[in-house]
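This is what each chain is made of:
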Amino acid sequence: MPKIDPTPLFHPISPGTPRPVRFAFDGVGVSARTGDTILAAILAAGLPCGTSEFDGAARAGFCLMGSCQDCTMWDERGRRLRGCMTEVTDGQRLRSRPYDDET
Ligand code: FES
């Protein structure tokens, strides 16, 4: 998966050292911190959260507050979720497309 930018705009600002967690997004291992949203962790890793259905361009979420659905993704049980509103958990396996979408 191509990275969006080698210098991510997202970086932690909270003090302390929250427990690290790891999860996979489209098969890529991502490191995060307890309390991060999935989208924040993906953007901090310099990854896109999906691709445009129109031209295949990388997507990075739009509103970051649960309104636009641009960060829609699926967990390994096929549940649809919003990456900007969902806290990351250790060992999660997520996809930018539903499991039944082979396009
Ligand atoms: S970025 Fe808009 S709903 Fe998540």
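Here the residue index of a chain counts from 1 through its sequence in written order. Where local features are concerned, this predicted model is filtered to residues with pLDDT of at least 70; where side-chain atom pairs are given and counted, the filter is 80 or more; whole-chain, interface and lining totals use all residues.

Asker: Tell me about unusual backbone geometry, residues and numbers included.
Answerer: A positive phi angle, close to 60°, is found at Leu-64, a residue other than glycine. Under the DSSP-based scheme used, a helix requires at least four consecutive residues in state H or I and a strand at least two consecutive residues in state E, with every element numbered from the N terminus. One can find Leu-64 in the loop between β4 (58-59) and β5 (72-75). Around each residue's C-beta, the other C-beta atoms within 10 Å are counted; 20 or more make the residue buried, 12 or fewer make it exposed, and counts in between make it partly exposed. All C-beta atoms are placed from the backbone. Since 19 C-beta atoms lie within 10 Å of it, Leu-64 is described here as partly exposed.

Asker: Tell me what's going on with the pairing of β5, and back it up with residues and numbers.
Answerer: When DSSP locates at least two bridges between a pair of strands, those strands are taken to pair. Here β5 runs beside strand β6 (residues 80-82); their pairing, made up of 3 bridges, is antiparallel. When the sheet's bridge partners are listed, Met-73 is paired in β6 with Leu-81. Hairpin connection from β5 to β6: 4 residues lie between these consecutive antiparallel strands, with Gly-78 at a positive phi of about 85°. Here β5 runs beside strand β7 (residues 93-95); their pairing, made up of 2 bridges, is antiparallel. Residue Asp-75 lies in a different strand from β7, and its bridge partner there is Leu-94.

Asker: Describe the nonpolar core, listing the residues and the values that go with them.
Answerer: We define a nonpolar core as a collection of buried residues of the types Ala, Val, Leu, Ile, Met, Phe, Trp, Tyr and Cys that are connected via C-beta atoms lying within 7 Å of each other. With 17 residues, the main nonpolar core has Phe-23, Phe-25, Val-30, Ile-38, Leu-39, Ala-41 and Ile-42 as its most contacted residues. Listing elements by their share of this core, those giving two or more residues are β1 (20-25), β2 (28-33) and α1 (38-44). By the criterion used throughout, residues are in contact when their C-beta atoms, derived from the backbone, lie within 7 Å. Once you skip the residues sitting within four places of it in the chain, Ile-42 turns out to touch Phe-25, Val-30, Leu-47, Cys-49 and Gly-83.

Asker: Quick one: what's the story with the sheet that holds β5, residue by residue and with numbers?
Answerer: Backbone-to-backbone hydrogen bonds join strands into a sheet, with any given pair of strands oriented parallel or antiparallel. Read from one edge to the other, the open sheet built from 5 strands follows the order β2-β1-β7-β5-β6, with strand pairing classed as mixed. Sheet topology places β2 and β6 at the edges, where each strand pairs with a single neighbour. On average, each strand axis in the sheet is tilted by 40° relative to the strand beside it, whichever way the strands run. Each axis is a line fitted through C-alpha atoms, taken for helices only over the stretch in contact, and angles between the N-to-C directions span 0 to 180 degrees.

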